[in-house]
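Next come the chains, spelled out residue by residue.
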Amino acid sequence: MTKDKLTIVDLASLLSSKVELSQKNSEEYVKLFFELIEEALLSKDQVKIKNLGTFKLGWIESRKSVDVNTGEEITIDGYFKTVFTPDASLKDLVNAPFAHLEPVVLGENTEAAAVEEELAPLKTLNEQADEIKSILSAIHSMDAVEESAPETKTEIPAPEVSEEPAETEHEPAEIEAEIESEQETEPGTEPGTEPEAEPETEPEVVETPLNTELNEEKPSIESVKKKSSALYIWFLLILILASAGFFFRNQLSELFVAPDPVVVVEPVLVDTIPLDTMAAPIDTVAPQPVDSFLLWMGQNRKYTEFIGQEKMENGNRLTLISLKYYGAKEFWVYIYEANKAEIPNFDRIPVGKVIQIPKLPAYVIDLKDARCVEFAQTVFEHLKAK
Amino acid sequence: MTYKELVDTFSSKMNVSSANADEMIQLLVKEIQSQLSDGKTIGIQGFGALELKKKEERLSVHPATQVRTLIPPKLVVNFKQSSLFKTKLKDLKAND
C-alpha cells in the first residue's frame, strides 16, 4: 500500500481540476458530501451511494474482557460501529491486480485428484502399449528364425509373401482390437484360428492400422474412466493368453501349412506327358490374362514347345539360364520341370547334360506381374518339399 | 437515506439543480474510485478513512460437503472510523 493519504482538500483540488469549479467550491462540495453521510449514520440511517457503496451502522454486542491495568474483569458494553460495504464496481476496480485469480477446489475427491487419476491409467496404458510392442517385435524375430528366411526386421516386416508373417501380422491387429475394447470376456479367442484359412491373404502390412490403433488407445482411454487396477488385471490376462496363443500358434501354423502343398502339388505330380499342347489354356492370351494365369497355376504343367536348349557346362546354372531366356532367375523352376527326366536333382545337374528350354506363355513370365514371381517361388517350395 | 434523498439534500444545500447535484456526486465518487484503485487512502477528518487492505489467500472448508477450496488473495476497500466518530456513535447507543 502506498503511503499517500488524501485529505478532503486534496480530493477537492482533484475535483476542481476535472470540473469547472473553483477550489473553494469543490471543497465545500466534498465536505458537504461526507457530512451528509455522517448525519445519516448518526441518525441510525444507512446511506447508499451509487458506484461507491453503503455506509451503515453495525451493532457490536457487549463482551467480557479484562481491565489492562487492574486485571479485573470488565464488561465492554455494546456499541455501534460504522460499516462500509463497497459497491461491486468499486470492488472490481480495486481488486484489479488480483482479478485473474480464481478459487481452486482442492482435496481428494475433487477435480484435481480426478485429473491425476485420469493421468494414471493413461500412463499405465502407455507402458502397456510399449510392452505390447516389445512382445510383438520379439515374436516377429522368432518367426524369422523359424522360417530360416532372411532376417525380418524387428519393425513390422515388409510384404514378403510367406504364410507365416502374414498370419502373425493379422494377429497383432486383432489383439490390438481386443485390447481396445477393454472388455475381453474371452481372451481365449485365439485369433489364430481364423487367419489360418487364408494363408495367402494380402500381405499389406498391418503396420499403419497397428500404429493408428496404438494412437487411438490414448484418446479413447481418456474417455474411459475405469479404475486403473481393474484395467491392469484385464490387460495382464489378455497379454498372458495372447502370448500363450502365439507360442501355440507357431506349432499350429506348421501343421496347417502342410495341407497346402498337398493341394497344389497334385497337378504337378502328374507326369508331364507331352500330350496335346498347353495351347488349350494358352489360346486365350491377351484378352483375359487373369484367367489364363489362374488356369496356369491350377493345371498340371506340361512343356511341349521349346525355344532352345542349353548344355550344362561347368559353372552354368539354371538360374542364369532362366535369366537369359526369361529375364528373371525365378523361372528356372519351369526349366527344371521341363527337364525332370534329365535332371534328378536341381542341386546337382550333371555336367554336359543338354536341357531344353520350354516356351512359357507371356503371362507366366511377365516381369511386371508379381504373381508370376510368387508362383514360381511356390513351385520351388513344392519342389523342395518333395 | 436513499441516493435520491442524498441528491435532493445536496441540491437544496448547494443551491443547484438535482441533475447537477447528481452529476457532482458522481464525479466525486468517480474520483474517489480512481484514487482508491491507485492504492491511495482517503482520510476524512472526524469521520474516518477509506483504505485498501490485502486479504491473504486462505483454505476454506465447506462445512457440509467438506470440500476444500483455495480462495485467492484479494484487495478490498475498508473504512476505518475515526475515534472521534466512534465516541459520537457511543453516545447514540443509549437509544438502542
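What you see is a predicted model; the values in this text were computed from it and never measured.

**A closer look at the overall build of chain A**
If you tally the helices and strands in chain A, you get 14 helices and nine strands. Buried residues in chain A amount to 36% of all 386 residues. Expressed as a percentage of contacts within chain A between residues at least 6 apart in sequence, the contacts between residues at least 24 apart total 65%.

**Regarding the confidence of the model for chain A**
Scored by pLDDT, chain A comes out at a mean of 72, with 63% of its residues at no less than 70. Confidence drops under a pLDDT of 50 for residues 261-266 of chain A, and excluding neighbours within four residues, the segment shows four contacts in the predicted structure.

**Section: the nonpolar core**
With 50 residues, the main nonpolar core has Phe-33 and Ile-49 of chain A together with Ile-32 of chain B as its most contacted residues. At nine residues, helix H2 (residues 23-42) of chain A tops the list of elements feeding residues into this core. Apart from the residues within four sequence positions on either side, Phe-33 of chain A is in contact with Ile-49 and Leu-52 of chain A together with Leu-6, Phe-10, Ile-25, Leu-28, Val-29 and Ile-32 of chain B. Of all hydrophobic cores here, the second largest spans 28 residues; its members include Phe-293, Tyr-336, Ile-365 and Phe-375 of chain A.

**Things to note about the interface of chain A and chain B**
Contacts between the two partners involve 60 residues from chain A, matched on the other side by 55 residues from chain B. Of the roughly 5,600 Å² buried between chain A and chain B, counting both surfaces, carbon and sulfur atoms make up 73%. Broken down residue by residue, the surface that chain A buries against chain B is led by Tyr-29, Leu-42 and Val-94 of chain A, which jointly contribute 11%. Linking chain A to chain B there are two salt bridges. Here Glu-31 of chain B and Lys-18 of chain A are joined by a salt bridge, their closest N and O atoms 2.5 Å apart. In this assembly, chain A and chain B are joined by eleven residue pairs in polar contact (both at pLDDT 80 or more). No other element matches the 13 residues that H2 of chain A contributes to the side of chain A that touches chain B.

**Examining the sheet that holds strand S6 (residues 79-86) of chain A**
Across a sheet, paired strands are connected by hydrogen bonds in the backbone, their directions being either parallel or antiparallel. Residues and elements named next belong to chain A. Spatially, three strands are ordered S2-S3-S6 in an open sheet, and the strand pairing comes out antiparallel. In this open sheet, the two strands that pair with only one neighbour each are strand S2 (47-49) and S6. When strand polarity is set aside, the average angle formed by the axes of neighbouring strands in this sheet is 30°. The pairing of strand S3 (residues 53-60) with S6 spans eight bridges and is antiparallel. From the neighbouring strand, Phe-55 faces S6, where its bridge partner is Phe-84.

**Quick word on the environment of Glu-381 of chain A**
All names here are of chain A. Its place among the elements puts Glu-381 in helix H14 (residues 370-385). Owing to a relative accessible area of 44%, Glu-381 belongs among the partly exposed residues under this scheme. Residues Glu-381 and Val-333, spaced 48 residues apart in sequence, show a C-alpha to C-alpha distance of 10.0 Å.

**Notes on the side chain of Asn-339 of chain A**
Residues and elements named next belong to chain A. Among the structural elements, Asn-339 can be located in the loop between helix H13 (332-338) and strand S9 (354-358). Within the structure, Asn-339 has its side chain in polar contact with the backbone oxygen of Gln-356 (distance 2.7 Å). The residues touching Asn-339, leaving out its near neighbours within four places in the chain, are Ile-355 and Gln-356.

**Some thoughts on the packing of aromatic side chains**
For the structure shown, the criterion picks out 13 aromatic pairs over all chains. Here Tyr-29 of chain A and Phe-10 of chain B contribute two aromatic rings whose centre-to-centre distance is 5.4 Å and whose plane-to-plane angle is 15°, an arrangement assigned as stacked. Taken as a pair, Tyr-29 of chain A in helix H2 and Phe-10 of chain B in helix H1 (residues 3-14) lie in two separate chains rather than in one. The same class applies to Tyr-29 of chain A as to Phe-10 of chain B, namely buried. Pairing Phe-55 of chain A with Phe-84 of chain A gives two aromatic rings, centres 4.6 Å apart and planes at 35°, and the pair type is tilted.

**With respect to the sheet that holds strand S2 (residues 48-55) of chain B**
The strand order across the open sheet formed by four strands is S1(A)-S1(B)-S2(B)-S5(B), and the pairing between neighbours is mixed. The open sheet has two edge strands with one neighbour each: strand S1 (5-6) of chain A together with strand S5 (74-81) of chain B. With eight bridges joining them, S2 of chain B and S5 of chain B adopt antiparallel strand pairing. Counted as the bridge partner of Glu-51 of chain B is Asn-78 of chain B from S5 of chain B.

**Side note on the packing of H2 of chain A against helix H3 (residues 83-92) of chain B**
Packing of H2 of chain A against H3 of chain B leaves a shortest axis separation of 10 Å and a crossing angle of 30°. In this view, H2 of chain A runs roughly parallel relative to H3 of chain B, as classed from their interaxial angle. Of the residues in H3 of chain B, those touching H2 of chain A at Glu-38, Leu-41 and Leu-42 of chain A are Phe-85, Lys-88, Leu-89 and Leu-92 of chain B. Tallied by class, the residues present in the contact of H2 of chain A with H3 of chain B amount to five nonpolar, no polar and two charged.

Rules used throughout
- Residues numbered from 1 in each chain as written.
- Chains lettered and ligands numbered in written order.
- Predicted model: local features only at pLDDT ≥ 70, side-chain atom pairs only at ≥ 80, totals over all residues.
- Heavy atoms only, no water.
- Helix = DSSP H or I, 4+ residues; strand = E, 2+ residues; numbered from the N terminus.
- Buried < 20%, exposed > 50% of the residue type's maximum accessible area, 1.4 Å probe, protein only.
- Contact = heavy atoms within 4.5 Å.
- pLDDT = per-residue confidence, 0-100.
- Core = buried A, V, L, I, M, F, W, Y, C linked by side-chain atoms within 4.5 Å.
- Buried area = accessible area lost by both parts, 1.4 Å probe.
- Salt bridge = Lys/Arg side-chain N within 4 Å of Asp/Glu carboxyl O.
- Polar contact = N/O pair within 3.5 Å; in protein donor to acceptor, adjacent residues only side chain to side chain.
- Pairing = 2+ DSSP bridges.
- Axes fitted to C-alpha atoms, helices over the stretch in contact; angles between N-to-C directions.
- Phe/Tyr/Trp six-rings, centres within 6.5 Å; stacked < 30°, edge-to-face > 60°.
- Parallel < 35°, antiparallel > 145°, perpendicular 65-115°, else oblique.
- Nonpolar A, V, L, I, M, F, W, Y, C, P; charged D, E, K, R; others polar.

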